[in-house]
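Survey of secondary and tertiary structure
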Amino acid sequence: MPKKILLPVDGSDHAHKAAAFAGDLAEKYGCEIVLLHVVQEKQVSEQMRRMAEVEHVGQGEPPSLPRLDNIPGGVGWAMDRPAPATVPDDSQLNAFVNEKIVEEAREILKRHGAQASRALFKNGSPAQQILDAAKEEQADTIVMGSSGVSDLKGLIAGSVSHKVAQLADCTCITVK
């Protein structure tokens, strides 16, 4: 039975299903789960930009409005002027997206009676980072989605899950 599961997540539907499967395994067998997200700088979609704006990503505390009490004829707060807005850059948006991906996986695990002991963030080739993390963490099982959010290149060169399954020294469970 598995003792330590490495769960790579990328925010895809298959990764969500893999998280549910890993959660069920961990709940049944009492094994540890380590989340892994391989960070890839990508163009941030307009949808993610809007969500980041709503969440005030990169904006810190909302700017305070000036008092008008001390100005002759001024009463209360300056409400007629909009507060200056700051626009988060792509690195802030990518960090926000990466955290959301891991947060979603933690929520799925929780719904399935499990929790991750920690989350790892790595940069580089997803397949190689998954294999390296499995060795570093001494994971005896990798549970991952069969396909993620890769591009056409992944179809031609082979999927990450296929590469990992072929090269891993431990059990690999691929979830569709």
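Residues numbered from 1 in each chain as written. Predicted model: local features only at pLDDT ≥ 70, side-chain atom pairs only at ≥ 80, totals over all residues. Heavy atoms only, no water.

Here the focus is helix H4 (residues 126-137). With 12 residues, H4 extends 16 Å between its outermost C-alpha atoms, agreeing within 8% with the 16 Å of an ideal straight helix rising 1.5 Å per residue. If you follow the buried residues of H4, they end up packed against strand S1 (4-8), strand S2 (32-39), strand S3 (116-123), strand S4 (141-145) and helix H6 (160-167). Positioned one or two residues after H4, Gln138 has a phi angle of 55°, which is positive. (Helix = DSSP H or I, 4+ residues; strand = E, 2+ residues; numbered from the N terminus. Expected span 1.5 Å × (residues − 1). Contact = heavy atoms within 4.5 Å.)

Here we come to the packing of H4 against H6. H6 packs onto H4 with a crossing angle of 40° between their chain directions and a minimal axis gap of 9 Å. The way H4 lies across H6 gives a crossing that is right-handed. Two secondary-structure elements touch here, H4 through Pro126, Ala127, Ile130 and Leu131 and H6 through Val160, Lys163, Val164 and Leu167. Residue composition of the contact of H4 with H6, grouped by class: 7 nonpolar, no polar and 1 charged. (Axes fitted to C-alpha atoms, helices over the stretch in contact; angles between N-to-C directions. Left-handed = near helix turned anticlockwise from the far one by under 90°. Nonpolar A, V, L, I, M, F, W, Y, C, P; charged D, E, K, R; others polar.)

Of the residues in the protein chain, 69% have a pLDDT of 70 or more, and the chain-wide mean is 81. Mean pLDDT across the elements of the protein chain ranges from a minimum in helix H5 (residues 152-157), with 48, to a maximum in S1, with 98. For residues 61-69, every residue scores under 50 in pLDDT, and the model assigns this stretch 20 contacts once sequence neighbours within four places are set aside. Predicted confidence is poor over residues 74-84, with pLDDT under 50, and the contacts of this stretch with residues over four places away or in other chains come to 20 contacts. (pLDDT = per-residue confidence, 0-100.)

Another point: the nonpolar core. With 23 residues, the main nonpolar core has Ile5, Leu7, Ile33, Leu35 and Val143 as its most contacted residues. When residues of this core are traced back to their parent elements, those giving at least two are S1, helix H1 (13-29), S2 and helix H3 (90-111). With 7 residues, H3 is the largest single contributor of residues to this core. Here Leu35 is in contact with Leu7, Val9, Val102, Ala105, Arg106, Leu109, Ala116, Arg118, Ala119 and Leu120, once residues within four sequence places are set aside. Among the nonpolar cores identified, the runner-up in size contains 16 residues, and Leu6, Val34, Ala134 and Ala168 belong to it. (Core = buried A, V, L, I, M, F, W, Y, C linked by side-chain atoms within 4.5 Å. Buried < 20%, exposed > 50% of the residue type's maximum accessible area, 1.4 Å probe, protein only.)

Taken as a whole, this structure holds 6 salt bridges when the rule is applied. With a shortest N-O distance of 3.5 Å, Glu137 and Lys4 are connected by a salt bridge. Of this pair, Glu137 sits in helix H4 while Lys4 sits in strand S1, and the two are 133 residues apart along the sequence. Note on Glu137: relative accessible area 12%, which makes it buried. The partner of Glu136 in a salt bridge is Lys122, with the nearest N and O atoms 2.7 Å apart. Highlighted residues: Glu136 in helix H4 and Lys122 in strand S3, separated in sequence by 14 residues. Relative accessible area serves as the criterion here: at 52%, Glu136 is assigned to the exposed category. Residue class for Lys122 comes out buried when judged on its relative accessible area of 18%. Members of the salt-bridge network, linked through shared partners, are Lys4, Glu32, Arg118 and Glu137. (Salt bridge = Lys/Arg side-chain N within 4 Å of Asp/Glu carboxyl O.)

An order of S3-S2-S1-S4-S5 is seen for the 5 strands of this open sheet, with the pairing classed as parallel. The open sheet has two edge strands with one neighbour each: S3 and strand S5 (171-175). Direction aside, the axes of adjacent strands within the sheet are offset by 20° on average. With 2 bridges connecting them, S1 and S4 associate as parallel partners. Along S4, the bridge assignment pairs Ile5 with Thr141. Against the sheet, H1 makes contact with S1, S2, S4 and S5, and its axis sits at roughly 145° relative to S4, the strand it touches most. (Pairing = 2+ DSSP bridges.)

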